[in-house]
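Examination of the molecular architecture
Single-letter residue listing:
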Amino acid sequence: MTESQLADDANPLLAGLAGPRTPDPCALVIFGASGDLSRRKLLPALYALARNGLLPDAFAVLGVGRTEMTDAGFQAHMRGAIEQHGRFAFDEDVWRELAAGMRYVAAGLDDESAGGPVTDALKALERERGTAGNRVFYLAVPPAAMEDVVAAIGTWRPAGGWRRLIVEKPLGHDLASARQLNAFVLERFFESEVFRIDHYLGKETVQNLAVLRFANGIFEPVWNRQFIDHVQITAAESIGIGSRGAFYEHTGATRDIFQNHLLQLLALTAMEPAADFTADAVRNEKVKVFKSLDRPGLEQLVRGQYGPGFVEGGEVRGYREEEEVASESVTETYFAAKLYVDNWRWAGTPFYVRCGKRLARQETTIAIQFKRAPHLPFALDSDDDARPNVLLIHIQPDEGVSMTLNAKVPGYGVTIRGVNMDFAYGGAFRTDLPEAYERLILDALLGDAILFTRADEVEEQWALVDAIRAHWQADPDGLAGYVAGSWGPSNADALIHGDNRSWRRH
Ligand SMILES: NC(=O)c1ccc[n+]([C@@H]2O[C@H](COP(=O)([O-])OP(=O)(O)OC[C@H]3O[C@@H](n4cnc5c(N)ncnc54)[C@H](OP(=O)(O)O)[C@@H]3O)[C@@H](O)[C@H]2O)c1
C-alpha cells in the first residue's frame, strides 16, 4: 500500500475527490507560451493534472510565442516554472511523460500566413502523439493580439476531431469592444466551442457556493429579502500594482475586478436554482441576475485611489508614484457600490460590493447578513450584544464557511456573545485545494463550460460597468484618496453608514 492510499484510507472524505472522467485524446496549443501566465499558472496546472492522472494518455502541448526557443529550451523553461510555481514536489516520471509531448514554435501570427509553421508542427505532433485531431487553443496573449490569433486559427478545422477555444480576460474594455470581440470570435467558432475564463469560477470555494445553496435544504427558505438584511461582497488586496502600471492605468479596479470576479460572485449568490447543473441552465440564471441589476445612481458609487501608507508593517508609495503611472492619474484602485437586484427574491435588499488594492488585508469574502431576531426577551445591557447572524463564505485565503450565532456566555446572568461555527476546507478534507487553473483547464478539455462565461453574460457585465463609468465622466472630481493599508476611502464608509450598517472588518 502506498503512502497516499494510506492517507486516503485514514480520511474517508477524500473518497469523493477523484476526478470522475478523463478527457479525450487532444492537443493543447498555447498561444503566449513564452509569457507570464503560461509560466506561473498554465504549466504548473498541467503538471498537477498529469500528476493526478487526469490527462488523457494521448496528450500533447504545443507552445507558441514570438520568442525564439527550441523544443528543449521550452521544456527546460517550463520545467523551471513547474519547479518554482507547482504545488506538488517535482516528480521526474510525471515530468518525463508530460515533456515527451511538448513542442514549441516561434510565430507572431500577425498575418494569416504566419500560421503555416504552427499548423505544420501541430499536424506532426498530432500524428506522433495520436491525439485524434482534437484541438484546444488557449489564448494567453495580450488583448491586442487576440483577434490576429483568432483570425489565423479560425480556419484550422481538424478533420474528424473537435476543437475548442479558451479565451483569457480581459474580454474587451467596454460593452462595444466586448461585443466586437464576441462577434469576431463567434464568426469563427460556435459558442459551444468557446471557453471564456474568469478564474474565480475555478476556485473551489466559489463552486462550493452552489453546493452550499442548493444541496442544503435549510438555506433556500431563508435566502431572500424576507430573512436577509443585506449582502457584502469584498475582494480586498493588500498588494499594489507591482510592475503592471501601464496595464492598470487603462483598467482600474472597476474593470479589473468588479466587471468580472465581483459580478460573478454576486450572480452566484443571487441566482435562482437552475433546473440542472449544466452550463446553459446555470448561465441562463446568472444572466437573469445581471438583467435584474438596477443601474446605480452616482450616490451609490465610490471610487478611490491609494496614497502612501503602511501595509503589513512596510512603508509603501502611493499609486501616483508607482512605475508607469501618470503623476495626475485618475485611475481608481478602489471601487465600492450599493447594488439592487430588482426581482421578487431580492427587491429592496442591498448588495454592497467593494474591491481594491493596498487595503488592510488580502481577503475575498461573501457575507450574508440575516435580519436581527425580531424580539429579544432577555434583559441585556445593549441590543448590540445580540448581533445579526452572518453566513460568511471565505473565498480566499482561509477557504471555508463560517456562521456566526449568538450564544450565552457561561455564568449566572444572561450575557450574549457572537460565536462562530466554522467549516475550514483544509481541516475538513485534509487535502490541498486544486488551483483554479487546474479545474478550468480540465473542464475545457472535457468540454464542460459550466465554469466559463457565455458571451451574453460578459456583455451584460460590461453594460453595467459602462453605465457606472458614464457617471464618472459627469463627476470628474469624485475620486477619493485613501491611505495605503486602510480599508478604503471614508466615503465608502459613508455609503453604508447612511443605511445604518457597516462594512465587515475581519
Ligand atoms: N499573467 C497573469 O497572471 C494573467 C492573469 C489573468 C489573465 N491574464 C491574461 O493572459 C494574457 C497573457 O498574459 P501574460 O501575463 O502571460 O502576458 P505576457 O507575459 O506579456 O505574455 C504574452 C504572451 O503572448 C505572446 N504574444 C504577444 N503578441 C503576440 C502575437 N502577436 N502573436 C503570438 N503571440 C504573441 C508573447 O510572446 P513573446 O513574449 O514571446 O513575444 C507572450 O508569450 C493577457 O490577456 C492577460 O490579460 C494574465
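Residues numbered from 1 in each chain as written. Predicted model: local features only at pLDDT ≥ 70, side-chain atom pairs only at ≥ 80, totals over all residues.

Here's the deal with the pairing of strand S4 (residues 135–139)
Rules: Any residue surrounded by 20 or more other C-beta atoms within 10 Å of its C-beta is treated as buried, while 12 or fewer makes it exposed and the intermediate range makes it partly exposed; C-beta atoms here are placed from the backbone. Going along the chain from the N terminus, every DSSP run of H or I of four or more residues is numbered as a helix, and every run of E of two or more is numbered as a strand. The criterion for strand pairing is that DSSP finds at least two bridges linking the strands in question. Here, the term right-handed applies to a crossover whose path from the first strand over the helix to the second runs clockwise when the strands point away from the viewer.
The buried fraction of S4 is high, at five of five residues. As judged from the five bridges shared by strand S1 (residues 26–31) and S4, these two strands associate in the parallel manner. By the bridge assignment for S4, Ile-30 is matched with Tyr-138. Strand direction decides the pairing type here: S4 and strand S5 (residues 163–167), joined by five bridges, are parallel. Each residue of the ladder has a partner; that of Arg-135, found in S5, is Arg-163. At this point the chain moves from S4, through helix H6 (residues 143–153), to the parallel S5, and the crossover so formed is right-handed.

Details of the sheet that holds strand S3 (residues 102–106)
Formally: Under this scheme, a helix contributes an axis fitted over its contacting stretch, all axes are lines through C-alpha atoms, and angles between N-to-C directions fall in the 0 to 180 degree range.
Strand order across the open sheet formed by six strands is S3-S2-S1-S4-S5-S6, with parallel pairing between neighbours. Looking at the sheet topology across the chains shown, the edges are occupied by S3 and strand S6 (194–196). Pairs of neighbouring strands in the sheet enclose a mean axial angle of 20 degrees, with direction left out of account. The sheet contact formed by S5 and S6 spans three bridges and is parallel. Of the residues in S6, the one forming a bridge with Leu-165 is Val-194.

A look at unusual backbone geometry
The peptide bond linking Lys-169 to Pro-170 adopts the cis configuration, its omega dihedral lying at 5 degrees. Within the secondary structure, Pro-170 sits in the loop between S5 and helix H7 (175–186). For Glu-324, which is not glycine, the phi dihedral falls at a positive 60 degrees. Structurally, Glu-324 can be placed in the loop between strand S9 (314–316) and strand S10 (334–340). For Glu-324, a count of 12 C-beta atoms within 10 Å puts it in the exposed group. In this structure, Asp-398 takes a positive phi of about 55 degrees despite not being glycine. Structurally, Asp-398 can be placed in the loop between strand S13 (390–396) and strand S14 (400–408).

Section: the domain arrangement of the protein chain
How we decide: In this entry, domain limits derive from an automatic or database-based domain assignment.
Domain annotation of the protein chain identifies domain 1 (3–168) and domain 2 (201–373 + 454–497). Relative placement of domain 1 and domain 2: their C-alpha centres are 32 Å apart.

Here's the deal with the site of the ligand
Definition in use: For each residue, a C-beta atom is positioned from the backbone; the residue is called near a molecule or strand if that atom sits within 6 Å of it. Each residue gets one of three labels, nonpolar for Ala, Val, Leu, Ile, Met, Phe, Trp, Tyr, Cys and Pro, charged for Asp, Glu, Lys and Arg, and polar for the others, Gly among them.
Around the ligand, the structure places 24 residues, and the nearest of them are Gly-32, Gly-35, Leu-37, Arg-66 and Thr-67. Mapped onto the shell around the ligand, the elements with two or more residues apiece are helix H2 (36–51) and H6. Tallying contributions element by element places H6 first for the shell around the ligand, with four residues. By residue class, the composition of the shell around the ligand is eleven nonpolar, six polar and seven charged.

Some details on the environment of Glu-323
Basically, it comes down to this: A residue pair is marked as a contact if its C-beta atoms, positioned from the backbone, fall within 7 Å.
Its location among the elements puts Glu-323 in the loop between S9 and S10. Sequence separation between Glu-323 and Gly-245 is 78 residues; the distance between their C-alpha atoms is 5.9 Å. Dropping the residues within four chain positions of it, Glu-323 is found in contact with Ser-243 and Gly-245.

Digging into the packing of H2 against helix H4 (residues 92–100)
Test applied: Orientation is classified from the angle alone, with under 35 degrees giving roughly parallel, over 145 giving roughly antiparallel, 65 to 115 giving roughly perpendicular, and any other angle giving oblique. Here a crossing is taken to be left-handed if its near helix is turned anticlockwise relative to the far helix by less than a right angle, and right-handed if that turn runs clockwise.
Between H2 and H4, the shortest axis-to-axis distance is 10 Å and the interhelical angle comes to 115 degrees. In this view, H2 runs roughly perpendicular relative to H4, as classed from their interaxial angle. At the point where H2 passes H4, the crossing takes the right-handed sense. Contact residues: Leu-46, Tyr-47, Ala-50 and Arg-51 in H2; Val-94, Glu-97 and Leu-98 in H4. Grouping the amino acids of the contact of H2 with H4 by side-chain chemistry returns five nonpolar, no polar and two charged.

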